[in-house]
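Structural features, examined
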Amino acid sequence: MGTENRTYEYAVCDLNGVMRGKRFPPSMLPKILSGGARMPASVLACDIWGEDYASNEFLAKTGDGDIFCIPTGRPPLHVDWLAVPACLVPMWLANDDGSPFAGDPRCELELMCRRYKELEFKPVTALELEFYLVDVIAGRPSPIRSPVSRQRMDRDRILSLDDIEHLEAFFDDIYSACEKQGIPVDAASSENGPGQFEINLHHTDDPLKAADDAVFLKRLVRGVARRHGFAATFMAKPYGNRSGSSMHTHFSLIGAEGGNLFDDGTDSGSEMLGHAVGGVLQSMQDCMLVHAPHLNSYRRPQPNSLAPRQACWGYENRTVAVRIPGGPGTARRLEFRMSGADANPYLVLTALLGAALAGIEAKSEPGPPTSGVSYDGDTPDLDFNWERAIADFARSKTVAGIFSADMIDMFTSCKQYEADRFRRSISGFEYDTYLETA
């Protein structure tokens, strides 16, 4: 299907990973593609509810001025799950002189990629995204009904072919939409929770494309799910007593001569791999806000849940934060398992690449690998506290070496505002518990 007779949209990705933009008529397409669109830079720091707030650092510094929206170079994306199909033009923000705007999460990743390019390193990354398909009943998630049996899919059925086959039409539409948008999807599988699934993306030596693909895939999955009569959520923990949803990131490094720098011909991997792991482990607490950006994020890392709780690593161990998968040496890589599915892919890749590079440059040592279940080891748990994560991110020298000052200010002020608002909100469970008993 061509792009004629379609509506058009353009959008940027904010710090929470939400696409924000405008609809426009086809006659405006040449102007949009030539970089003639503008929008307030403060839109990137909207809170999770999509609202401006008085403590928005960028608004306070600039008076909420407009800056340029520049096409990323990706062709318009077909949005075929709407009643009237549309095309989305992906954008990012640039300063008036054309330089990347440092508060744009995509620009942050671009600046990190430039640092690798200067060293003649080429990062290869791939992301794996987990999500739940749910029916929303009275504002709460409930397991969906199978389109085949009409029974609730309310049991844990990891790698169930039946669940995938019952949702054949949904996944067919996912793969079709991904093909039209140029998103290179790999395997889809059922995960541990009821109605929980994972879709893997191909490895690519362009981290910007990897993050783009993940952002577009999340929006696409939500849209196709609505078309099929249910909802998709990437909340880190939609059910308190079920598995959380993660975003695992695979990362290897190609050198100037084309070889994998993490491979030294052994099963252990190269010294550089160890240094990269060391840097990632050392940054984990300070970068926690990136990998667990929301209040709900901190419900995912529970003991014995396969969500990591310590800054530890190991070979073929899915209980650690950094896993070294097996396989041939040419594919030697690390898998970062801390991020939730609710995290912003641009910020996750920036944090991961920045931490690994710092470890390589400082020759950081990762310590001994973890054998067996990490929860039973001597490594202390990380501090899974949203307020602590906000404070750590704001004052960390490690973070300041990875992200721009503008981005740090915008992200922490946004998260602090959200945390303050949650603190003032009293849950129904609190009223049920205390109203007539305390």
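Scroll up to find the structure this text is about.
Predicted model, so just to flag it, every value in this text is computed and none were measured. Throughout this description, residue numbers start from 1 for each chain and increase along the sequence as written. Whole-chain, interface and lining totals are the exception, using all residues; otherwise, since this is a predicted model, local features are given only for residues with pLDDT of at least 70 and side-chain atom pairs are given and counted only at 80 or more. Side-chain numbers here rest on the full set of heavy atoms in the structure, without hydrogens or water.

A few points about the pattern of salt bridges
We count it as follows: We define a salt bridge as a contact between a side-chain nitrogen of Lys or Arg and a carboxyl oxygen of Asp or Glu at a distance within 4 Å. Only DSSP runs of H or I reaching four residues or more are called helices, and only runs of E reaching two or more are called strands; each is numbered from the N terminus. Accessible area is worked out with a 1.4 Å probe on protein chains only. A residue is then buried under 20% of its type maximum, exposed over 50%, and partly exposed in between.
In total, this model carries 24 salt bridges according to the counting rule given. With its nearest N and O atoms 2.8 Å apart, the salt bridge here joins Arg 106 to Asp 212. Of this pair, Arg 106 sits in helix H3 (residues 105-118) while Asp 212 sits in helix H6 (residues 207-227), placing them 106 residues apart in sequence. Judged by relative accessible area, Arg 106 falls into the buried class, the value being 7%. A salt bridge links Glu 387 to Arg 423; its shortest N-O distance comes to 2.1 Å. In this pair, Glu 387 sits in helix H10 (residues 386-395) while Arg 423 sits in helix H12 (residues 405-424), placing the two residues 36 residues apart along the sequence.

Quick word on the state of the cysteines
Each disulfide consists of a covalent bond between the sulfur atoms of two cysteine residues. Our working rule: Criterion for a disulfide: a pair of cysteine sulfur atoms at a distance within 2.5 Å.
Evaluated as defined, the whole model comprises zero disulfides. Cysteine Cys 13 remains unbridged, with the sulfur of Cys 107 as its closest cysteine sulfur at 11 Å. According to the relative accessible area criterion, Cys 13 is buried, its value standing at 6%. Take Cys 287: it sits in no disulfide, and the sulfur closest to it among the cysteines is that of Cys 113, at 16 Å.

Re the pairing of strand S1 (residues 7-13)
So the rule is basically this: The criterion for strand pairing is that DSSP finds at least two bridges linking the strands in question.
The buried fraction of S1 is high, at seven of seven residues. Burial along S1 is two-sided: Thr 7, Glu 9, Ala 11 and Cys 13 and Tyr 8, Tyr 10 and Val 12, pointing in opposite directions, are all buried. Where S1 meets strand S6 (residues 86-94), five bridges bridge the pair, whose relative direction is parallel. Bridge pairing in S6 links Ala 11 to Pro 90. Here S1 runs beside strand S2 (residues 19-24); their pairing, made up of six bridges, is antiparallel. Residue pairing across strands places Tyr 8 opposite Phe 24, the latter belonging to S2.

Remarks on unusual backbone geometry
One non-glycine residue with positive phi stands out, namely Glu 120, at about 60 degrees. Along the chain, the position of Glu 120 falls in the loop between H3 and strand S7 (122-137). In this model, Arg 150 sits at a positive phi of 70 degrees, which is unusual for a non-glycine residue. Looking at where Arg 150 falls in the secondary structure, it is placed in the loop between strand S8 (140-143) and helix H4 (161-166).

A short note on the packing of aromatic side chains
Aromatic ring pairs are defined here through the distance separating the ring centres and the angle between the ring planes. Selection criterion: To pair, rings of Phe, Tyr and Trp, with the six-membered ring standing in for Trp, must have centres within 6.5 Å; the planes then decide the type, stacked if under 30 degrees apart, edge-to-face if over 60, and tilted in the middle.
A complete count under the given rule lists 15 aromatic pairs for this structure. Taking 5.6 Å as the distance between ring centres and 40 degrees as the angle between the ring planes, the aromatic pair formed by Trp 49 and Phe 422 counts as tilted. Here Trp 49, found in the loop between strand S3 (37-40) and helix H2 (57-62), pairs with Phe 422, found in helix H12; they are 373 residues apart in sequence, far enough to count as distant. Residue class for Trp 49 comes out partly exposed when judged on its relative accessible area of 34%. The exposure class of Phe 422 is partly exposed, given its relative accessible area of 36%. Each member of the aromatic cluster is reached from another via a ring pair, and the members are Phe 131, Phe 170, Phe 171, Phe 197, Phe 230 and Phe 234.

Considering the nonpolar core
For the record, the criterion: Among buried residues, those of type Ala, Val, Leu, Ile, Met, Phe, Trp, Tyr and Cys that are joined through side-chain atoms within 4.5 Å constitute a nonpolar core. Contacts are residue-level and defined by heavy atoms, with any inter-residue pair within 4.5 Å sufficient.
Formed by 118 residues in total, the largest nonpolar core has its most connected members in Leu 133, Phe 170, Val 322, Leu 334 and Phe 403. Once residues lying within four places of it in the same chain are set aside, the contact partners of Leu 133 are Ile 144, Leu 167, Phe 170, Gly 195, Phe 197, Ala 225, Phe 230, Ala 231 and Ala 232.

Section: a negative patch on the surface
The line we're drawing: Residues enter a patch when their relative accessible area is above 30% and they make no salt bridge; the linking distance is 9 Å between like charges and 5 Å between nonpolar side chains (Val, Leu, Ile, Met, Phe, Trp, Tyr). All accessible-area figures derive from a Shrake-Rupley calculation using a 1.4 Å probe, and residue coverage is judged against the displayed protein chains alone. Note on charges: Lys and Arg go in the positive column, Asp and Glu in the negative column, and His and the chain ends are not counted at all. Charged groups are reduced to one reference atom each: NZ for lysine, CZ for arginine, CG for aspartic acid, CD for glutamic acid.
Taken together, the side chains of Glu 165, Glu 168, Asp 172 and Asp 173 make up a negatively charged region of the molecular surface. By the element assignment, Glu 165 lies in helix H4.

Some details on the pairing of S8
With four bridges connecting them, S7 and S8 associate as antiparallel partners. Its bridge partner lying in S8, Asp 135 is registered against Ser 142. Between the antiparallel neighbours S7 and S8 lie two residues, among them Ala 138 with a positive phi of about 55 degrees.

So, the packing of H6 against helix H9 (residues 345-362)
Note the cut-off: Simply put, an axis is a line fit to the C-alpha atoms, just over the touching stretch for a helix, and the angle between two N-to-C directions goes from 0 to 180 degrees. For any pair of crossing helices, the crossing counts as left-handed if the nearer helix is rotated counterclockwise from the farther one by less than a right angle, and right-handed if it is rotated clockwise. We call Asp, Glu, Lys and Arg charged. Ala, Val, Leu, Ile, Met, Phe, Trp, Tyr, Cys and Pro are nonpolar, and the rest, Gly among them, are polar.
Orientation of H6 relative to H9, taken along the N-to-C sense of each, is 145 degrees, at an axis distance of 8 Å. The hand of the H6/H9 crossing is right-handed. On H9, the residues touching Pro 207, Leu 208, Ala 210, Ala 211, Asp 212, Ala 214 and Val 215 of H6 are Pro 345, Tyr 346, Leu 349 and Leu 353. Classifying every residue of the contact of H6 with H9 by side-chain character gives ten nonpolar, no polar and one charged.

Concerning H12
Test applied: An expected span of 1.5 Å times one less than the residue number is assigned to each helix.
Taking 1.5 Å of rise per residue, the 20 residues of H12 would be expected to cover 28 Å, and the 29 Å separating its terminal C-alpha atoms lies within 8% of that figure. Buried within H12 are the following residues: Met 407, Ile 408, Met 410, Phe 411, Thr 412, Ser 413, Cys 414, Lys 415, Glu 418 and Ala 419.

Functional significance is not addressed by these values, which are geometric in nature.
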